[in-house]
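# Examination of the molecular architecture
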Amino acid sequence: CCTIDWFSAWSDDALREVSMKFFTETPGLGLEEVGEAVSTVFATVHTSVAAASARMFEELKRQNYVTPTNYLELVKGYIWLLEEKRKGLGDQVSKFRNGIEKLDDSKLQVEVMSAELEIKKKEVAVAQKDCEEMLVVIVKDRKVVDEQQRSV
């Protein structure tokens, strides 16, 4: 059996340049500050996996190919995951803001209701006082009527 290795290893600089190209071509990633560091990590990971694959071949005689396609899949996968996480965080931020707005609206409604409650308490106190006065008058009138009925 014969296998031809058509892939040659990319240098660390080439790996970094490729990932930086993907980062700059994808809008809205926000990797301006950390893009270089992320690219360096990706290049380091790729070269260390290639070295581990070579060591595995020496020790176990099992071939594991680490190709530039694997590196491109790593970068694309990272970009996809970053976009998904940012979308999820954006949705959560939106829900949070909506909740804060609802709480603010509720606070205003409670303040209005509290003011109305104070007015209603005063009205109820006045009405209760009137009822007590009327009850006193009714009791007096009742006594007068009871006395008149007894005399008749």
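Before reading further, recall that the structure is shown in the block above.
Right, let's walk through the structure included here. Each chain has its residues counted from 1, running along the sequence as written. Since the coordinates come from a predicted model, pLDDT governs what is reported: local features require at least 70, and pairs of side-chain atoms require 80 or more to be given and counted, while whole-chain, interface and lining totals use all residues. Water and hydrogen atoms play no part in the side-chain values, which are based on all heavy atoms of the structure.

### Some remarks on the nonpolar core
Residues grouped as a nonpolar core are buried Ala, Val, Leu, Ile, Met, Phe, Trp, Tyr and Cys residues, joined through side-chain atoms within 4.5 Å. Each residue is assigned to one of three classes by its accessible area relative to the maximum for its type, calculated with a 1.4 Å probe on protein chains only: buried under 20%, partly exposed between the two thresholds, exposed over 50%. Membership of the largest hydrophobic core is limited to 11 residues, which are Leu15, Phe23, Leu29, Leu31, Val38, Phe42, Ala43, Tyr71, Val75, Ile79 and Leu82. Runs of E in the DSSP output that reach at least two residues are strands. Runs of H or I that reach at least four are helices, and both are numbered from the N terminus. Elements represented by at least two residues in this core include exactly helix H1 (12-25), helix H2 (35-60) and helix H3 (68-151). Ranked by residues supplied to this core, first place goes to H3 with four residues. Ignoring any residue separated from it by four or fewer positions in sequence, one finds Ile79 in contact with Phe22, Phe23, Thr26 and Leu29. Contacts were defined at the residue level, with two residues in contact if any of their heavy atoms lie within 4.5 Å.

### What to know about the side chain of Ser19
Considering the arrangement of structural elements, one finds Ser19 in helix H1. Any pair of nitrogen or oxygen atoms within 3.5 Å is treated as a polar contact; in protein, a donor-acceptor pairing is required on top of that, and neighbouring residues in sequence qualify only through side-chain atoms on both sides. In this structure the side chain of Ser19 is engaged in a polar contact, spanning 3.0 Å, whose partner is the backbone oxygen of Arg16. Sequence-distant contacts of Ser19, defined by excluding residues within four places in its chain, comprise Ser39, Phe42, Tyr71 and Val75.

### Let's talk about the pattern of salt bridges
Note on definitions: salt bridges are taken to be side-chain nitrogens of Lys or Arg within 4 Å of carboxyl oxygens of Asp or Glu. The final tally for this structure, using the stated rule, is five salt bridges. The closest approach of N and O atoms between Lys121 and Glu118, which form a salt bridge, is 4.0 Å. Placement of both Lys121 and Glu118 in helix H3 is noted, with a separation of three residues, approximately one turn of the helix. Note on Glu118: relative accessible area 43%, which makes it partly exposed. Arg142 is the salt-bridge partner of Asp146, the closest N and O atoms lying 4.0 Å from each other. Of this pair, Asp146 and Arg142 both sit in helix H3, four residues apart, which is roughly one turn of that helix. Judged by relative accessible area, which is 26%, Asp146 ranks as partly exposed.

### Focus on H3
Helix length check: H3, at 84 residues, gives a terminal C-alpha distance of 120 Å against a target of 124 Å (1.5 Å per residue), a fit within 8%. Buried residues of H3: Pro68, Tyr71, Val75, Ile79 and Leu82, and no others. For a helix, the expected span equals 1.5 Å multiplied by the number of residues minus one.

### Here we look at the environment of Phe42
Tracing the sequence through the fold places Phe42 in helix H2. Between the alpha carbons of Phe42 and Arg16 there is a distance of 7.5 Å; along the sequence they are 26 residues apart. Once residues lying within four places of it in the same chain are set aside, the contact partners of Phe42 are Ser19, Phe23, Tyr71, Leu74, Val75 and Tyr78.

### Some details on unusual backbone geometry
Leaving glycine out, the prevailing phi sign among residues is negative, and the prevailing peptide bond configuration is trans. A positive phi angle is found at Lys61, which is not glycine, with a value near 60°. Position of Lys61 among the secondary structure elements: in the loop between H2 and H3. Using a relative accessible area of 61% as the deciding quantity, one classes Lys61 as exposed.

### So, H1
Here H1 contains 14 residues, and its C-alpha end-to-end distance of 20 Å stays within 8% of the 20 Å for a straight helix at 1.5 Å per residue. Within the sequence span of H1, burial applies to Leu15, Ser19 and Phe23. Angularly, the buried residues of H1 cover 70° about the axis, an arc narrow enough to put them on a single face. Opposite the buried face of H1, at more than 90 degrees from it, the exposed residues are Glu17 and Thr24. Residues of H1 that are buried sit in contact with H2 and H3. As used here, the arc is the angular range of directions from the helix axis to the C-beta atoms.

### Considerations on the side chain of Ser53
Looking at the secondary structure, you find Ser53 in helix H2. We classify Ser53 as buried; its relative accessible area is 5%. In this structure Ser53 touches Asn64 and Val66, once residues within four positions along its chain are discounted.

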